[in-house]
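Descriptive structure summary
Residues per chain are reported as follows:
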Amino acid sequence: METAAAVRSASQAVDRLRSHGAGGRGLSAGALDVLARLSTATGQGLSIGELARAAGVSSRNVTGLVDTLERDGLAQRIQDQHDRRSVRATITRAGLDWLDNFRQPTQRAMSAVFQNFTEDELARFRDLCLRMVENQQRIEQYLNAAKHDQPPTA
């Protein structure tokens, strides 16, 4: 329990710094996460489903975030070339510029937060965090599968 509390506190500290870095720029943490994911996408961008799975949220939630990004000119929807029924989201030039402006002060803040960590400690910490995410995703898959195997209740 103490470890979980420490992880939650660290996560909240990083989120507060990210929010501070985005201060006055009008993007929520969720929209910022989607924009960052779009910035690393290749080719045709990402589908709403891919964004939702990566973020661990519903497609409906991501649709709203993409709506916000599109309204602000930071992302756009494009038709999927392989599936006419599907659309994909891509980052715009304005979105890339927004991220560059956001990253500069945020990187300075993150450097301060991780001050006195060695490169090895940072790599180990990153790996441990990613293992936690993988475990959480596995647990959610198990719970979702178990929920679907349950007979309906009256």
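Residues numbered from 1 in each chain as written. Predicted model: local features only at pLDDT ≥ 70, side-chain atom pairs only at ≥ 80, totals over all residues. Heavy atoms only, no water.

Turning our attention to the pattern of salt bridges. For the structure shown, the criterion picks out nine salt bridges. Among the ionic pairs, Arg 85 bridges to Asp 83, the shortest N-O distance being 3.1 Å. Where Arg 126 meets Asp 127, a salt bridge forms, and the shortest distance between an N and an O atom there is 3.4 Å. With relative accessibility at 52%, the residue Arg 126 sits in the exposed group. Accessibility expressed as a relative area gives 37% for Asp 127, which makes it partly exposed. Beyond isolated ion pairs, a larger network of salt bridges with shared partners links Glu 50, Asp 80 and Arg 88. (Salt bridge = Lys/Arg side-chain N within 4 Å of Asp/Glu carboxyl O. Buried < 20%, exposed > 50% of the residue type's maximum accessible area, 1.4 Å probe, protein only.)

Below, the discussion takes up the side chain of Arg 88. In this fold, Arg 88 is placed in strand E3 (residues 87-91). Polar side-chain contacts of Arg 88 include one of 3.2 Å to the backbone oxygen of Gln 44. Dropping the residues within four chain positions of it, Arg 88 is found in contact with Gln 44, Gly 45, Leu 46, Ser 47, Glu 50, Gln 76, Arg 77, Ile 78 and Asp 80. (Helix = DSSP H or I, 4+ residues; strand = E, 2+ residues; numbered from the N terminus. Polar contact = N/O pair within 3.5 Å; in protein donor to acceptor, adjacent residues only side chain to side chain. Contact = heavy atoms within 4.5 Å.)

Looking now at the sheet that holds strand E1 (residues 46-47). As summarised here, the arrangement of the three strands in space is E1-E3-E2, forming an open sheet in which the pairing is antiparallel. If you trace the sheet from one side to the other, it starts and ends with E1 and strand E2 (75-79), each paired once. Direction of pairing for E1 relative to E3: antiparallel, over a ladder of two bridges. Note that in E3 the partner of Ser 47 across the bridge is Arg 88. Along the sheet face, helix H2 (residues 29-40) touches E1, E2 and E3 and points at about 90° away from the line of E3. (Pairing = 2+ DSSP bridges. Axes fitted to C-alpha atoms, helices over the stretch in contact; angles between N-to-C directions.)

Within the secondary structure, Ser 47 sits in strand E1. Setting aside residues up to four positions removed in sequence, Ser 47 forms contacts with Val 87 and Arg 88.

The next thing to look at is the nonpolar core. Nonpolar side chains tend to gather and get buried jointly when the protein is soluble and globular. With 20 residues, the main nonpolar core has Leu 35, Leu 69 and Trp 98 as its most contacted residues. Taken together, the elements giving at least two residues each to this core come down to H2, helix H3 (48-55), helix H4 (59-71), E3 and helix H5 (93-113). In terms of residue count, H2 provides more of this core than any other element does, five residues in total. The contacts of Leu 69, once residues within four sequence positions are left out, are Leu 27, Ala 31, Val 34, Leu 35, Leu 74 and Ala 75. (Core = buried A, V, L, I, M, F, W, Y, C linked by side-chain atoms within 4.5 Å.)

Before going further, it helps to examine unusual backbone geometry. Phi is positive for Asn 116, which is not a glycine, with a value near 70°. If you trace the backbone, Asn 116 turns up in the loop between H5 and helix H6 (119-149). Since its relative accessible area comes to 72%, Asn 116 is described here as exposed.

A few words on the packing of H3 against H4. The geometry of H3 relative to H4 is characterised by a closest axis approach of 8 Å and an angle of 110° between their N-to-C directions. By the angle class used here, H3 and H4 are roughly perpendicular. Side by side, H3 and H4 meet where Ile 48, Gly 49, Leu 51 and Ala 52 of the first sit next to Ser 59, Val 62, Thr 63 and Val 66 of the second. The class makeup of the residues in the contact of H3 with H4 is five nonpolar, three polar and no charged. (Parallel < 35°, antiparallel > 145°, perpendicular 65-115°, else oblique. Nonpolar A, V, L, I, M, F, W, Y, C, P; charged D, E, K, R; others polar.)

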